[in-house]
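# Structure at a glance
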2 protein chains.
Amino acid sequence: MKCQILRVLPTRSSFCSSVNSTQLARSCNGTIPFSGGTSLESTLAAMNEEIFIDFQKMNKTIAVHEQDMDVVVQPGISYDALNEQLADQKLFFPPDPGPGAQIGGMIAQGCSGTNAYRYGTMKDWVLGLTVVLADGTIIKTRGRPRKSSAGYDLTRLFVGSEGTLGIVTEASLKLTDKPENVRVAVGAFPDIHSAIRTAVGIVRSGHPLAAMELLDDMAMKAVNSSGYSDIEWPEKTTLFFKFAGSPAHVAEQVEEVERLAKEQQCVQFTFSNSADEADSLWEARKTALWNMIALKNDPSDNFISADICVPISRLGDMIAATKDSFERSGFIGSCLGHVGNGNFHAGVFFPAKDWEKAKGLMREAQKLGVSMDGTVTGEHGIGLVNRDALIWEVGDGTVATMRQIKMALDPLCLLNPGKVFKLWEGQE
Amino acid sequence: MKCQILRVLPTRSSFCSSVNSTQLARSCNGTIPFSGGTSLESTLAAMNEEIFIDFQKMNKTIAVHEQDMDVVVQPGISYDALNEQLADQKLFFPPDPGPGAQIGGMIAQGCSGTNAYRYGTMKDWVLGLTVVLADGTIIKTRGRPRKSSAGYDLTRLFVGSEGTLGIVTEASLKLTDKPENVRVAVGAFPDIHSAIRTAVGIVRSGHPLAAMELLDDMAMKAVNSSGYSDIEWPEKTTLFFKFAGSPAHVAEQVEEVERLAKEQQCVQFTFSNSADEADSLWEARKTALWNMIALKNDPSDNFISADICVPISRLGDMIAATKDSFERSGFIGSCLGHVGNGNFHAGVFFPAKDWEKAKGLMREAQKLGVSMDGTVTGEHGIGLVNRDALIWEVGDGTVATMRQIKMALDPLCLLNPGKVFKLWEGQE
Ligand SMILES: Cc1cc2nc3c(=O)[nH]c(=O)nc-3n(C[C@H](O)[C@H](O)[C@H](O)COP(=O)(O)OP(=O)(O)OC[C@H]3O[C@@H](n4cnc5c(N)ncnc54)[C@H](O)[C@@H]3O)c2cc1C
Ligand SMILES: Cc1cc2nc3c(=O)[nH]c(=O)nc-3n(C[C@H](O)[C@H](O)[C@H](O)COP(=O)(O)OP(=O)(O)OC[C@H]3O[C@@H](n4cnc5c(N)ncnc54)[C@H](O)[C@@H]3O)c2cc1C
């Protein structure tokens, strides 16, 4: 056990000489676990002929514990399939990333989604994991207690490790009660700042809304132009609110939210009176990403986006500055996101020749987010794409600490090598 | 960087030869960070003349971000001092372990308390940490975004690491709105099982009670005999419920809780009509631990306890079996705890000569908890006392994985050496 601490990134040759050559031959192609395949940021990219491990057939629900409100599953089950299975028992598993995402990938990405404002992110819904380590050891991080102080929190070390520390083969997940009586309200605001001030007021008031989402003027224009929505929306910064709970509780919340919105000159506040109306109002938020395509100048244009999260008091300035930068660039772009947590996605369309410029725009936005004490990725992860951004955000020492943990658990770099951070200088 | 993975515990001599001798001389006495000094399980025991690092003078609040609902503090501030500072802004920091506990120790222990059922445990309230590592590097795990997927979750690796991985020198903590209109209800039940069935029904109904605590018949007897309470309590298994929220919301919850309690033959259900009444009803729960002393047969008797947490459906069987074992042993003991999470503390008084027998009782209870998919410690941690129990619970491979992480970040074992797990065979 050497005591020197690896804070300076080795060159490939010094890295290779520290691992012996037979070992290196094996480490040349590692393995990449593969669940739903919906992740962004190239965390599934096979840069070195790695072998995929596909969990398609490991998609069983092993046990549902109704009274304990937990479930034991294999990694290949999708969250929508799981929620369908649980519906009869009025149980609910909240994390809701991209459609088709599966538990293994959701754990490895530490995902979230529209439910995260009320319910937290994936890390909050995993009780314990069975994990196969790089040397073949199978470990179980915990049983099913609702809380535990038994040693290091390995469960949460694996959550968000993007397949680089171990392969999840089973998970115990926390559940909650399926929200009943869901209602939706939509408010259109004169500008970003008034919408964000409303959001801050709501967060501060402590009302446990089920979700709070923002679409900017461009995104609302996209919803109108796509022709998918029956409603003609004001093309203004819009907040979508979801409420759940007893009728009295929902009524109380709606009243308070409407009051706060009106205080900020909300120009239109629409409230759903039934579950069907709620669905059709929420539809615009749900299809926002697809609708955006209607904004393209040219069908061959590319798309790039960033997933920034800042303390909510800075979100108005953050989004306004990002939208300004889009306008100056001449690209068409928009901002939308999970504002209850200060998380938003900024994206632009650009012609292929302008790749560097578009990438530069995203990098500037991420740097601004970091300068506001935020993060370069609220939910999509690092993968290959954000490795540099991770260093600006947390610093070399923190990334070196992550690398030490990787090298302790996977010294041959067999598991999704090169994702999250580089293992040697110049690694692709 | 060696590739061999340390799954078999070395002997002291092979451990020592793997670290060179000058290094070992330094590692002989490491350091133990010290915050409030309220932790249990001997995590502060200096077994090898270690030096304490005391955070008494690092007790400042560095910034309160009211709109973002977060605060940046040094490790030496206590949670009650912090809550006093925040009260004017109607902000609240929920984790509430032993009186006098400070943020540094609360992070390192991953503590919880009576508020954990509603609000979660310490891990849920830490946004980011500044940590001094064993080699002197200072790292910052995150800024203040409400959520992030930027690399490994180092924040939660340090939470609960009992001072063995790094020294916390600054923390950004999440806050919530201070609960208003707090009410308390107390229900006495014919036996443990009816009380736990009520608790399960409440958890399952999804009502976000502020807290739900249990005191068994012996604990209630202690409250009566101590003479501290003005109320004459039924000496039966008792549930204490705390409600918070708007008056309408609280009324709704109380009605439902009373209904569920009556269904289980609750023999007495008392509801507070004012904040003062709430305080005086809750007093019995708050002073339960001190009141227990009234049960001692002999003032020189010792006390030992265990901190078990099981899936809630098993809690009735778990507590009943523990109480039976106390009765068979002839020791006086009781069970009380944070039942909303399935967590309870079992404790007995015993004469010094019966140490082995009393310890055996606790070990049996912990093993029963593990066999029910629970944990040997819901909130108090491992320290020295529960190192063996950690192995029964999670297995050798999982503990070896923790040890690999320790050795990667602190190869000279300078930080609270020998806590959580042994570093070599036979280590004290
Ligand atoms: C339209 C769309 C919308 C989206 N919206 C959101 C959103 O709102 N919030 C959000 O957080 N994300 C969102 N995403 C991103 C994506 O859905 C999430 O990252 C999701 O968690 C990925 O799950 P997956 O099953 O598809 O994982 P995959 O893409 O298969 O894998 C993701 C990572 O996990 C690793 N992995 C997979 N299985 C395992 C395993 N068993 N053990 C160990 N490692 C494993 C992989 O190696 C890879 O590194 C969106 C994506 C799309 C396309
Ligand atoms: C009457 C009573 C009731 C209790 N009730 C509860 C309860 O309900 N729930 C609960 O969870 N606990 C409870 N506890 C236990 C205790 O209060 C908690 O474990 C608490 O978190 C300890 O905090 P502390 O500041 O006293 O830490 P300390 O005792 O000072 O230290 C605890 C650990 O943290 C390490 N440490 C301290 N400061 C730092 C730092 N800056 N950086 C890194 N490591 C550090 C220490 O080395 C040690 O390993 C109770 C204790 C008592 C006495």
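Chain A is annotated in an unreviewed UniProt entry as D-lactate dehydrogenase (cytochrome) of Rhizodiscina lignyota. Per its UniProt entry, chain A bears the Cofactor (unreviewed entry) comment "FAD". Quoted verbatim from the Sequence similarities (unreviewed entry) field of the UniProt record, the comment on chain A reads "Belongs to the FAD-binding oxidoreductase/transferase type 4 family."

## Let's talk about the overall build of chain A
A count of helices and strands for chain A gives 15 helices and 16 strands. Expected size for 428 residues packed as a compact globule is a radius of gyration near 22 Å; at 22 Å, chain A falls within 12% of this value. By principal-axis analysis of the C-alpha atoms, chain A measures approximately 65 × 55 × 35 Å. In chain A, which comprises 428 residues, the share counted as buried stands at 61%. Considering only intrachain contacts with a sequence separation of at least 6, the fraction spanning at least 24 residues in chain A is 68%.

## Some remarks on helix 15 (residues 396-409) of chain A
Along its 14 residues, helix 15 of chain A runs 20 Å from first to last C-alpha, staying within 8% of the 20 Å computed at 1.5 Å per residue. Burial of helix 15 of chain A is extensive: 13 of the 14 residues sit out of reach of the surface.

## As for the sheet that holds strand 16 (residues 343-350) of chain B
Residue and element names in this part refer to chain B. One open sheet holds the 7 strands; their spatial order is 13-10-12-11-15-16-14, and the pairing between them is antiparallel. The open sheet has two edge strands with one neighbour each: strand 13 (268-271) and strand 14 (302-309). Direction aside, the axes of adjacent strands within the sheet are offset by 15 degrees on average. Here strand 10 (residues 183-189) pairs with strand 12 (residues 237-243) via 7 bridges, running antiparallel. Note on strand 12: the bridge partner recorded for A188 is T238. Strands strand 14 and strand 16 of the sheet are contacted by helix 13 (residues 355-371), whose axis makes an angle of about 5 degrees with strand 14.

Rules used throughout
- Residues numbered from 1 in each chain as written.
- Chains lettered and ligands numbered in written order.
- Predicted model: local features only at pLDDT ≥ 70, side-chain atom pairs only at ≥ 80, totals over all residues.
- Heavy atoms only, no water.
- UniProt positions renumbered as here; feature names shortened; annotations may be inferred.
- Helix = DSSP H or I, 4+ residues; strand = E, 2+ residues; numbered from the N terminus.
- Rg over C-alpha atoms; globule rule 2.2 N^0.38 Å.
- Buried < 20%, exposed > 50% of the residue type's maximum accessible area, 1.4 Å probe, protein only.
- Contact = heavy atoms within 4.5 Å.
- Expected span 1.5 Å × (residues − 1).
- Pairing = 2+ DSSP bridges.
- Axes fitted to C-alpha atoms, helices over the stretch in contact; angles between N-to-C directions.

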